[in-house]
Amino acid sequence: MKQMPLIICLLLALTACSRLTAENYDRIGIAMDYDEVKQIIGEPTQCDDVLGVKQCTWGNETQHIKVSFIGGKATFMTAKNVR
C-alpha cells in the first residue's frame, strides 16, 4: 500500500515522456527520411513493407502515429488521439 504513490508517480512520468505528441507529429514532414522520423518519435512499434511502401506505426490502436514511406521518404502521415 505504501508503494502506491510511487507507482502512480512512475506511471505519470512515463506518460509525460511519451514521444507521441501533437508537437512531434507536426515536426514530421513530407519527404523526411525514415531515420529523421525515428529521431523525433523513436523506434516504431510495427512496420509492414508491401509493394515498396513501408507503413510504420508508433503506438497502439487507441493512440498512434502512422507514417508511410516510399523510397525511405515520408509520403503520408496520420495520427489518432495524439495530444
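Quick caveat, the model's predicted, so the values are computed rather than measured. (Residues numbered from 1 in each chain as written. Predicted model: local features only at pLDDT ≥ 70, side-chain atom pairs only at ≥ 80, totals over all residues. Heavy atoms only, no water.)

## Some points on the sheet that holds strand β4 (residues 73-80)
Turning to step 1, where the next piece is worked out: An order of β1-β2-β3-β4 is seen for the 4 strands of this open sheet, with the pairing classed as antiparallel. The open sheet has two edge strands with one neighbour each: β1 (46-50) and β4. For this sheet, the mean inter-axis angle between neighbouring strands, taken without regard to orientation, is 15°.
Turning to step 2, where the next piece is worked out: Bridge count for strand β2 (residues 53-59) against strand β3 (residues 64-70) is 7 bridges, and the pairing is antiparallel. Each residue of the ladder has a partner; that of V53, found in β3, is I70. (Pairing = 2+ DSSP bridges. Helix = DSSP H or I, 4+ residues; strand = E, 2+ residues; numbered from the N terminus. Axes fitted to C-alpha atoms, helices over the stretch in contact; angles between N-to-C directions.)

## So, the confidence of the model for the chain
Turning to step 1, where the next piece is worked out: Across the chain, pLDDT averages 87, with 80% of residues at or above 70.
Turning to step 2, where the next piece is worked out: When the elements of the chain are averaged for pLDDT, helix α1 (residues 4-16) gives the smallest value, 46, and β3 the largest, 98.
Turning to step 3, where the next piece is worked out: Counting interchain partners and residues more than four positions distant, the pLDDT-below-50 stretch residues 8-16 has 0 contacts. (pLDDT = per-residue confidence, 0-100. Contact = heavy atoms within 4.5 Å.)

## Some words on the state of the cysteines
Turning to step 1, where the next piece is worked out: The tally for this structure, following the rule as stated, stands at 1 disulfide.
Turning to step 2, where the next piece is worked out: Two residues share a disulfide in this structure: C47 and C56, whose sulfurs sit 2.1 Å from each other. Across the S-S bond of C47 and C56 the torsion is about 110°, and the bridge reads as right-handed. (Disulfide = S-S within 2.5 Å.)

## Structural notes on the pairing of β2
Turning to step 1, where the next piece is worked out: Pairing of β1 with β2, which is carried by 5 bridges, proceeds in the antiparallel orientation. When the bridges of β2 are listed, D49 appears paired with K54.
Turning to step 2, where the next piece is worked out: The hairpin formed by β1 and β2 contains 2 residues between the paired strands, and L51 there has a positive phi angle of roughly 50°.
Turning to step 3, where the next piece is worked out: Connecting β2 to the next strand, β3, in antiparallel fashion are 4 residues.

## Structural notes on unusual backbone geometry
Turning to step 1, where the next piece is worked out: Within the chain, A31 stands out as a residue other than glycine whose phi angle is a positive 75°.
Turning to step 2, where the next piece is worked out: Residue placement: A31 occurs in the loop between α2 (22-27) and α3 (34-41).
Turning to step 3, where the next piece is worked out: The backbone of N81 shows a phi angle near 55°, a positive value even though the residue is not glycine.
Turning to step 4, where the next piece is worked out: Mapped onto the secondary structure, N81 falls in the segment after β4.

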